[in-house]
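Results of the structural survey
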Amino acid sequence: MVTLKLAYKNIIGAGLRTWLNVVVLSFSFVLIIWTQGLYKGMNQQASRAMKEMELGGGQFWHPEYDPYDPLTLEDSHGPIPEELQVLIDKGEAVPILITSATIYPDGRFQTVQLKGILPEQSILGLPTGSLRNGQELPVLIGTRMAKSANLDIGDYFTIRWRDARGVFDAIDGKVVNIFRTTVGAVDRGQIWVPIDRLREMLGMPGEGTIVVIGKDTVVPEKAGDWVFRNLDYLLREIAEVIRTKKVGASIMYALLLSMALLAIFDTQVLSLFRRRKEMGTLMALGMTRGMLIRIFTLEGAFHGILAVLVGAVYGVPLLIWFEKNGWPLPDYADDFGMALGNTLYPIYGAWLVIGTTLLILLAVTIVSFLPTRRIAKLKPTDALRGKIS
Amino acid sequence: MKNGILPLLGLVLSILHAQYPPAEEILKKIDANLVSKNRVAVTTMIIHGRRGSRSVSAKSWIQGDEKSFTEYLAPPREKGTKMLKIGDRLWMYSPATDRIIRIAGHMLRQSLMGSDLSYEDMMEDPKLSNLYNAEIVGSEELNNRDCWVLELTARTTDVAYYSRRVWVDKERSLVLKENRYAKSGKLLKTTEVKEVFPVDGRWYPKKILFKDMLSKGKGTELIIESIEFDVPIPDYIFSKAALRK
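Computed from a predicted structure; not experimentally measured.

Observations concerning the overall build of chain B
For chain B, the count of helices and strands is five helices and 13 strands. Within chain B, buried positions represent 29% of all 245 residues.

Side note on the overall build of chain A
Looking only at helices and strands, chain A has eleven helices and 13 strands in total. Here chain A has a C-alpha radius of gyration of 32 Å; the compact-globule value for 389 residues is 21 Å, and the former is much larger. Each principal axis of the C-alpha atoms in chain A carries an extent, and together these give about 100 × 45 × 30 Å. Counting the 389 residues in chain A, one finds 38% classified as buried. In chain A, of all internal contacts separated by at least 6 residues, the share reaching a separation of at least 24 is 79%.

Topic: unusual backbone geometry
Residue and element names in this part refer to chain B. The omega torsion of the bond from A74 to P75 falls at 0°, within 30 degrees of zero and hence cis. Take P75: it is sitting in the loop between strand 3 (67–74) and strand 4 (82–86). Of note, S173 is a non-glycine position whose phi angle comes to about 50°, a positive value. With respect to the helices and strands, S173 occurs in the loop between strand 9 (163–169) and strand 10 (175–181).

Observations regarding the packing of helix 2 (residues 16–55) of chain A against helix 7 (residues 236–274) of chain A
All names here are of chain A. It is at 9 Å that the axes of helix 2 and helix 7 come closest, and there the two elements cross at 175°. When the axis of helix 2 is compared with that of helix 7, the two are roughly antiparallel. Taken together, the residues of the contact of helix 2 with helix 7 sort by class into 17 nonpolar, six polar and three charged.

Notes on the interface of chain A and chain B
With 20 residues of chain A at the interface, the matching set in chain B holds 20 residues. Listing elements by their share of the side of chain A that touches chain B, those giving two or more residues are strand 3 (93–104), strand 6 (156–162) and strand 7 (168–179) of chain A. Here the side of chain A that touches chain B gets four residues from one element, more than from any other, and that element is strand 7 of chain A. Across the side of chain A that touches chain B, the residue classes tally to nine nonpolar, six polar and five charged.

Points about the confidence of the model for chain B
All names here are of chain B. Here chain B averages 84 in pLDDT, while 88% of its residues score no lower than 70. When pLDDT is averaged over each helix and strand of chain B, the minimum, 55, is found for helix 1 (residues 2–18) and the maximum, 94, for strand 9. Our summary of model confidence lists the complex with pTM equal to 0.76 and ipTM equal to 0.75.

Quick notes on the domain arrangement of chain A
In terms of domain boundaries, chain A breaks down into domain 1 (2–51 + 237–384) and domain 2 (58–229). For domain 1 of chain A and domain 2 of chain A, the distance between their C-alpha centroids amounts to 51 Å.

Some points on the environment of A:L231
All names here are of chain A. Of note, L231 is situated in helix 6 (residues 231–234). Assessed through the 16 C-beta atoms surrounding it within 10 Å, L231 is described here as partly exposed. Put simply, L231 and L55 are 176 residues apart on the chain and 7.4 Å apart in space, counted from C-alpha to C-alpha. In contact with L231, not counting residues within four places along its chain, are K51, L55 and G58.

Quick notes on the nonpolar core
Taken as a class, soluble globular proteins show a tendency for nonpolar side chains to be buried jointly. Grouped together as the largest cluster of nonpolar side chains are 94 residues, with contacts concentrated most on A:I191, A:V212 and B:V168. Among the elements that make up this core, the one with the highest residue count is strand 3 of chain A (eight residues). Each of domain 1 (2–51 + 237–384) and domain 2 (58–229) of chain A accounts for three or more of the residues forming this core. Sequence-distant contacts of A:I191, defined by excluding residues within four places in its chain, comprise A:I103, A:V112, A:L114, A:V139, A:I141 and A:M145.

Examining the pairing of strand 6 (residues 99–103) of chain B
All names here are of chain B. Note: strand 5 (residues 89–94) against strand 6, five bridges, orientation antiparallel. Residue pairing in the sheet places W91 in a bridge with R102 of strand 6. The hairpin formed by strand 5 and strand 6 contains four residues between the paired strands, and D98 there has a positive phi angle of roughly 55°.

Structural notes on the pairing of strand 3 of chain B
All names here are of chain B. As judged from the seven bridges shared by strand 2 (residues 52–63) and strand 3, these two strands associate in the antiparallel manner. Bridge pairing links I62 to S68 in strand 3. Where strand 2 hands over to strand 3, the hairpin turn is made up of three residues, of which G64 adopts a positive phi near 55°.

Remarks on helix 8 (residues 276–284) of chain A
All names here are of chain A. Taken as a whole, helix 8 has its buried residues at M279, G280 and M283. The buried residues of helix 8 all sit within an arc of 100° when viewed along its axis, so they share a single face. Where helix 8 ends, the next residue or the one after it, G286, has phi of about 115°, a positive value.

Things to note about the environment of A:I12
All names here are of chain A. With respect to the secondary-structure elements, I12 resides in helix 1 (residues 2–13). The exposure class of I12 is partly exposed, given the 13 C-beta atoms found within 10 Å. For the pair I12 and E299, spaced 287 residues apart in sequence, the C-alpha separation works out to 9.2 Å.

Quick notes on the packing of helix 2 of chain A against helix 10 (residues 350–372) of chain A
The angle between the axes and the distance between the axes are what describe a pair of packed helices. Residues and elements named next belong to chain A. Closest axis-to-axis distance for the helix 2/helix 10 pair is 10 Å, and the angle between their directions is 145°. For the pair helix 2 and helix 10, the sense of crossing is right-handed. Between helix 2 and helix 10, the residues in contact are L25, F29, I32, I33, Q36, G37 and K40 and L352, V353, T356 and I360, respectively. Residues of the contact of helix 2 with helix 10, tallied by class, amount to seven nonpolar, three polar and one charged.

Parameters at a glance
Residues numbered from 1 in each chain as written. Chains lettered and ligands numbered in written order. Predicted model: local features only at pLDDT ≥ 70, side-chain atom pairs only at ≥ 80, totals over all residues. Helix = DSSP H or I, 4+ residues; strand = E, 2+ residues; numbered from the N terminus. Buried ≥ 20, exposed ≤ 12 C-beta atoms within 10 Å, placed from the backbone. Rg over C-alpha atoms; globule rule 2.2 N^0.38 Å. Contact = placed C-beta atoms within 7 Å. Axes fitted to C-alpha atoms, helices over the stretch in contact; angles between N-to-C directions. Parallel < 35°, antiparallel > 145°, perpendicular 65-115°, else oblique. Nonpolar A, V, L, I, M, F, W, Y, C, P; charged D, E, K, R; others polar. pLDDT = per-residue confidence, 0-100. Domains from an automatic or database assignment. Core = buried A, V, L, I, M, F, W, Y, C linked by C-beta atoms within 7 Å. Pairing = 2+ DSSP bridges. Arc of directions from axis to C-beta. Left-handed = near helix turned anticlockwise from the far one by under 90°.

Here is the structure:
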């Protein structure tokens, strides 16, 4: 207890030098939590939006389907397996038929993915209900597609495609609704139509390319030769992007933290040098070398504790403000390839705060301890004379 | 009265129809006129876009219906680009990237050098008699030439254009105008022969205007600068190795 009190009095007594170290360390502390919170928020925000608009609770893919190889699209369709049809009939899954087509909005030529979906579905957050009406071919598009093709609700445009046999066909579609989403993967370069109409247009009755299952749907063990892709697989790209970003960010943490720790290390070395006589006196009064080491290490460690407290004073309101108001993203953030929207909301978990606090305290304690090892070799007589080996 | 008119009308129509030669024969004559064992042609494509026109020149070696090799000669940006078609496969070589890529799937639907022709237009079987049933629907004058008007309907289910209407020069057995329709009946493309020239005892199109009727462009003109029929073409031309040479 005496050691603790002595260490505390010493560090407070050091005045401005202590507070400078504490403030710099607190910056690192707050910045690490803030940045980590942003990455966590980025991951959760993108994953949540993708699950809601695109992935559901996982997807069954036609064996030939490869979203990264558009050349396979022509062959990646087939009858929906019975196991999945049962789920579709119960409203627990939704089939999607995909083909490529060309659209001519205002006489301009644009290649798109033409997707057929059940208008009655509720698995995905797409407003497919608007595809129910009309004698004409109702078309649902996203805001990005609407912008790139210069289309608005009520506009007609020609769609040209090739059916299952390769015969050209064309029809005019009418934009019945435009949806806004952060998920570019269901919007950019895509047009949505009722699946029954698309099956008829392509001459592919009862066929599909993928089947999206609901969040709480029990995944059938087998569905013909269709391949099940779970959320870990479907979200692996986001996880990889976040992992890469975290690696980049950790270099920044290391730099910031090392600056703060270097300052503490310097302070400790300087303190040992300037307080040689004090150490000699304390040893002459009966204090052991171990107790001295403890005092000096504790003094250093107090930097960490004070940094946590100081960081909390300005960091807690700041982080809470960011959590509520988010971090506004520029317009070009949409091109990052992640479903983030206009604002990124950070998420600070308890483990993030506890983990970061412990990490900083541990690093500060180690850095504080290292210079004090010299005390182990200190002779009281030399110390009293102001010598240190 | 009515009972008398209908058979009479039928009789008149059948007499008129009997004056027409068999449509299938006309198709065969068209194919015989256009198709050759092999040919080498130098062409210029004038693409009329929204922001003006540009020309692309190319030399093509064509063997029957199956094989063709095209090397682009101008403009400098396209010079050295080569295309090889063997059966239903198409490859393209770009000197800028020094890469050979296979054009397949949705890429076939893309425009060829920004023109009104797509890559898949190049892949079509040029022999109409292989693909369509024909019916003569009339006789019209087009560009001061007497023409048969033929309605072509796909004979097979895997033909690109479900139906076509063609205007065929009666004397020269040459298609002077063509409308290509989608299955739904929508007009997709038109071709119009603006100029013809005699070559090796046959009449051949000299200048053709292609127009994608769904887009707002002014069309693409194809001018045949020179053409030679039945000249020997070495086999190595139709190989992927020739693309890089």
